[in-house]
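Below, each chain spelled out in residue letters.
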Amino acid sequence: MTTTTTPSRGRRRAPSRLGRAAGRAAALQKPRVLLAGLLLLALTSVMLLDGYLRAEVGGDERVRDGASSSKVPDKILDGGPIVSFLGGSATSVSVPDKTIALTFDDGPNPTYTPQVLEILEKYDVPATFFVVGSMVSRYPGIVKDMVEQGNEVGIHTFTHVDLSYQSDARVNREMQQTQLALAGAAGITTTLFRAPYSSETDAIDNYSWPVYEKLGEDGYTSVFVDTDSDDWKRPGVSKIVKWATPDGDDGASVLFHDAGGERSQTIKALPEYIEKMKAKGYTFTTISGVIEKEQSANGGQTGGPAAANGRPGGGTGAGNLQAAHREATGATLYEGKALLAAVAVAEYAVPTLSVGLMVVGVAVLGRFGMMLILARRHYRQRNRRRFSWGPTVTRPVSVIVPAYNEKECIANTLKSLARSTHPIEIIVVDDGSTDGTSEISRTAAHELGMTNVRVIRQENAGKPAALNNGVRNASYDIVVMMDGDTVFEPDAVHQLVQPFADPEVGAVAGNAKVGNRDTIIGAWQHIEYVMGFNLDRRMYDLLRCMPTIPGAIGAFRREAVLEVGGMSEDTLAEDTDITIAMHRAGRRVVYQEHAKAWTEAPGSLKQLWSQRYRWSYGTMQALWKHRKSLTDKGPSGRFGRVGMPLVVIFQIVTPVFAPLIDVFTAYSMIFIDFRAALLAWLAVLAVQLVCAAYAFRLDKEKYRYLLMMPLQQLAYRQMMYLVLIHSCITALTGGRLRWQKLKRTGEVGTPAGAS
């Protein structure tokens with residue numbers, strides 16, 4: 001055993017680019033984590049807003065029927081359809097004879113409301129539209145046209161709920177949100193109100209009456225119906241016209257619907273109805289027009305939109321036909337505009353996200369299918385009796401062990417190498433450790449009687465520099481690289497170097513396994529290693545576009561490493577970087593499933609986040625560094641046009657958008673259909689379990705760890721999503737990361753007892 005110290009060349013080296021950026025990167029991490037959280041919060045908020053607009057969130061379909069009306073004044077029950085509370089006293093107004101107050105409920109609707117407006121304009125007939133706030137916020141342009149055409153607008157709540165079941169706070173919210181929607185859409189507010197599911201005044205009951213009184217105190221005029229066309233029943237055009245016609249010469253507040261369902265019969269019936277009533281000598285007006293006529297007939301005010309609660313009058317448009325309208329100003333106007341802007345974002349974002357969800361779902365299922373098919377093919381190809389890489393490789397190889405503060409693990413690492421069935425030299429490169437790693441290495445080698453160990457000490461320069469130092473000092477043409485916390489099986493090196501019998505092979509990826517798998521976090525990573533990493537490598541091997549040789553166990557031709565410039569410090573994923581460089585240099589990279597190494601996975605969520613954050617960000621750096629392979633020819637172009645898109649789609653894009661599946665599933669479970677959403681989630685889980693079980697079968701692993709998979713999907717996977725999103729934000733904001741040392745326990749010893 002020899003010890004070599006890489007001398008310091010006089011003055012201490014200036015910090016590398018990563019070192020110079022370390023301070024800036026550390027300062028920027030918290031804001032980036034916060035930004036990732038804000039993005040997730042924004043996505044959730046957009047979905048909740050869209051669900052609220054569609055009555056999926058906070059929807060209440062209860063409708064009260066048959067309640068007593070003993071507390072409702074008789075003059076209201078027997079009075080006209082327009083009820084106001086001028087001076088705190090309830091009064092009602094009837095529609096004068098030969099007058100029709102044409103009203104429409106539930107709109108606006110992008111299909112039918114414009115057709116209604118076109119008919120009204122053609123016949124020069126005004127109407128009063130009782131609009132639903134959520135629909136106003138989704139189709140503001142229709143409401144603006146409605147008002148500019150001279151029609152009147154009233155409130156029909158924001159989400160079309162029966163207010164008799166709602167709290168005072170919910171009632172106020174329904175009214176205020178609709179007012180904001182109207183302010184944003186048409187620059188107005190209104191004093192008219194019609195309750196959903198209301199009809200004639202004699203249907204007011206003891207539960208709804210307090211709501212009308214409360215709204216009356218707030219200055220609202222409640223509007224009911226004299227004649228209902230019942231067009232929502234779709235009875236046919238003739239019956240709609242008949243049912244909407246008042247008796248004799250009576251005036252009436254007539255109800256039609258321009259939304260809330262299929263309204264083609266209403267569109268056909270409306271012109272016929274207008275012509276019929278005009279032929280009978282009727283005139284059409286708005287609710288405010290009715291009140292104006294009543295005031296003129298009585299020589300004064302009878303209460304209503306223009307005078308309710310002493311509010312300042314003055315309609316905005318077509319005389320007193322729009323007397324209920326108030327100009328929206330100040331905070332109300334700007335809040336209304338903000339509401340419409342938020343709704344517009346939700347209206348475009350949610351459908352886009354839905355399409356993205358479908359794409360992600362198809363990509364995920366497609367990936368599973370591709371992995372299963374290609375993994376099976378790879379297994380059968382590599383395990384058939386006659387398969388051979390060529391003549392057995394028996395010549396000695398160099399094993400490079402970069403180590404930085406590995407006092408807990410380095411002895412176990414050397415102990416496992418001492419049992420190697422293949423002739424090796426071992427080069428331990430101590431990268432400026434401060435915990436006695438070099439001394440422990442020398443002691444362990446002496447106790448094990450290992451004369452083939454060299455310990456090289458250097459100033460702390462990072463893992464790539466340590467590996468390059470080892471390569472320069474290697475004695476043999478094949479170098480095996482491993483981590484200082486990794487334990488090899490006795491035949492790992494022998495199995496790992498056999499593919500080099502094929503002269504085209506320039507590098508080999510081994511089978512890294514989680515040694516500390518008996519904890520929850522360890523078991524989750526064990527599933528990920530077996531199902532994700534190893535199935536992926538089988539697929540990439542057949543496609544000849546392996547993206548990463550794991551740092552825990554990999555082998556290279558020494559000349560190939562030197563040819564591509566060694567391990568680069570340009571990225572944090574030096575293993576991915578050099579693997580891609582091998583492809584671009586025309587070297588073949590393969591996966592050797594029988595070469596097994598046991599590594600110590602992070603033991604805490606904090607360490608796991610740190611490791612995966614570095615992996616994800618480093619992979620992005622490597623892909624960006626080698627982006628020119630997309631346009632290269634030959635092997636480099638093959639990786640660029642096959643391997644790189646697969647990595648980008650399956651390891652970056654799909655995982656980044658995969659949270660959509662979970663967010664939509666949770667949303668559907670809570671607000672739409674719990675049973676259907678749960679069944680869909682279980683179906684996806686079943687597909688993943690099938691893939692995982694097959695991967696475990698190929699690697700001859702125990703199936704009991706798959707019991708942790710449902711919990712992995714609920715907790716571990718979400719963390720991996722956030723890590724990847726965090727990495728993407730770091731990449732997009734130009735951040736840099738330093739090498740992050742994980743805390744080791746040394747609990748991974750020999751693989752004895754592991755299956």
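In this text the structure is predicted, and so the values were computed from the model without any measurement.

Rules used in this analysis
Residues numbered from 1 in each chain as written. Predicted model: local features only at pLDDT ≥ 70, side-chain atom pairs only at ≥ 80, totals over all residues. Heavy atoms only, no water. Patch = residues over 30% accessible without salt bridge, like charges linked within 9 Å, V, L, I, M, F, W, Y side chains within 5 Å. Areas by Shrake-Rupley, 256 points an atom, 1.4 Å probe, with all protein chains shown as cover. Salt bridge = Lys/Arg side-chain N within 4 Å of Asp/Glu carboxyl O. Lys, Arg positive; Asp, Glu negative; His and termini not counted. Charge placed at Lys NZ, Arg CZ, Asp CG, Glu CD. Helix = DSSP H or I, 4+ residues; strand = E, 2+ residues; numbered from the N terminus. Phe/Tyr/Trp six-rings, centres within 6.5 Å; stacked < 30°, edge-to-face > 60°. Buried < 20%, exposed > 50% of the residue type's maximum accessible area, 1.4 Å probe, protein only. Lys NZ or Arg CZ within 6 Å of the ring centre and 35° of its normal. Pairing = 2+ DSSP bridges. pLDDT = per-residue confidence, 0-100. Contact = heavy atoms within 4.5 Å. Polar contact = N/O pair within 3.5 Å; in protein donor to acceptor, adjacent residues only side chain to side chain. Right-handed = clockwise from strand over helix to strand, strands pointing away.

## Focus: a positive patch on the surface
A cluster of basic residues, Lys239, Lys242, Lys276 and Lys280, forms a positive patch on the protein surface. Along the chain, Lys239 falls in helix α8 (residues 237-244).

## Considering the packing of aromatic side chains
Tallied over the entire structure, the rule returns 7 aromatic pairs. Judged by centre distance (5.0 Å) and plane angle (15°), the rings of Phe104 and Phe129 are stacked. With a gap of 25 residues between them, Phe104 in strand β4 (residues 99-105) and Phe129 in strand β5 (residues 128-131) connect regions that are remote in the sequence. Neither residue differs from the other here; Phe104 and Phe129 are each classed as buried. Taking 6.4 Å as the distance between ring centres and 55° as the angle between the ring planes, the aromatic pair formed by Phe193 and Tyr212 counts as tilted. One end of the pair, Phe193, is in strand β8 (residues 192-193); the other, Tyr212, is in helix α7 (residues 209-217), with 19 residues separating them in the sequence. Given the relative accessible area of 6%, Tyr212 is considered buried. Through successive ring pairs, a cluster of aromatic residues spans Phe104, Phe129, Phe256 and Tyr273. The ring of Tyr705 is capped by Arg517, whose NZ or CZ atom sits 5.6 Å from the centre of that ring. Geometry around Trp624 places Arg627 over its ring, the cationic atom sitting 4.1 Å from the centre.

## Thoughts on the pairing of strand β11 (residues 252-257)
Of all 6 residues in β11, 6 are buried, a share of seventy percent or more. The two faces of β11 match: Ala252, Val254 and Phe256 on one face and Ser253, Leu255 and His257 on the other face are all buried. Across 6 bridges, the pairing between β4 and β11 is parallel. Across the sheet, residue Leu102 finds its bridge partner in β11, namely Val254. Pairing analysis gives 2 bridges linking strand β10 (residues 227-228) to β11, with the strands arranged parallel. Following the sheet pairing, Asp228 is matched in β11 by Leu255.

## Points about the environment of Arg234
For Arg234, the location among the structural elements is in the loop between β10 and α8. Sequence-wise, Arg234 and Glu262 are 28 residues apart; in three dimensions their C-alpha atoms are separated by 8.3 Å.

## Focus: the confidence of the model for the protein
Low-pLDDT portions of the prediction should not be read for the details of their coordinates. Averaged over the protein, the pLDDT score is 85; the fraction of residues at 70 or greater is 87%. Taking the mean pLDDT of every element in the protein, the minimum, 58, falls on strand β1 (residues 2-5) and the maximum, 98, on β5. A low-confidence stretch, residues 8-14 stays under pLDDT 50, and its non-local contacts, those more than four residues away or across chains, total 4 contacts. Across residues 750-755, where pLDDT falls below 50, the model places 11 contacts with residues more than four positions away in sequence or in other chains.

## Overview of the side chain of Thr486
The topology assignment puts Thr486 in strand β18 (residues 486-488). Of note is the side chain of Thr486, whose polar atom sits 3.4 Å from the side chain of Asp485. With residues up to four places along the chain from it excluded, the contact list for Thr486 reads Thr413, Ser416, Ala552, Ala597, Trp598 and Thr599.

## Brief notes about the environment of Tyr703
On the secondary structure map, Tyr703 appears in the loop between α22 (674-698) and α23 (709-732). Between the C-alpha atoms of Tyr703 and Ile527, which are 176 residues apart in sequence, the distance is 10.0 Å. When neighbours within four sequence positions are excluded, Tyr703 is seen to be in contact with Ala693, Phe696 and Arg697.

## Section: the pairing of β5
Of the two faces of β5, the one carrying Thr128 and Phe130 and the one carrying Phe129 and Val131 are both buried. Pairing geometry for β4 and β5, over 3 bridges, is parallel. Counted as the bridge partner of Phe104 is Phe129 from β5. Note that the unit made of β4, helix α3 (residues 113-122) and β5 has a crossover that is right-handed. The sheet contact formed by β5 and strand β6 (residues 152-155) spans 4 bridges and is parallel. Opposite Val131, over in β6, you have Ile155 as the bridge partner.

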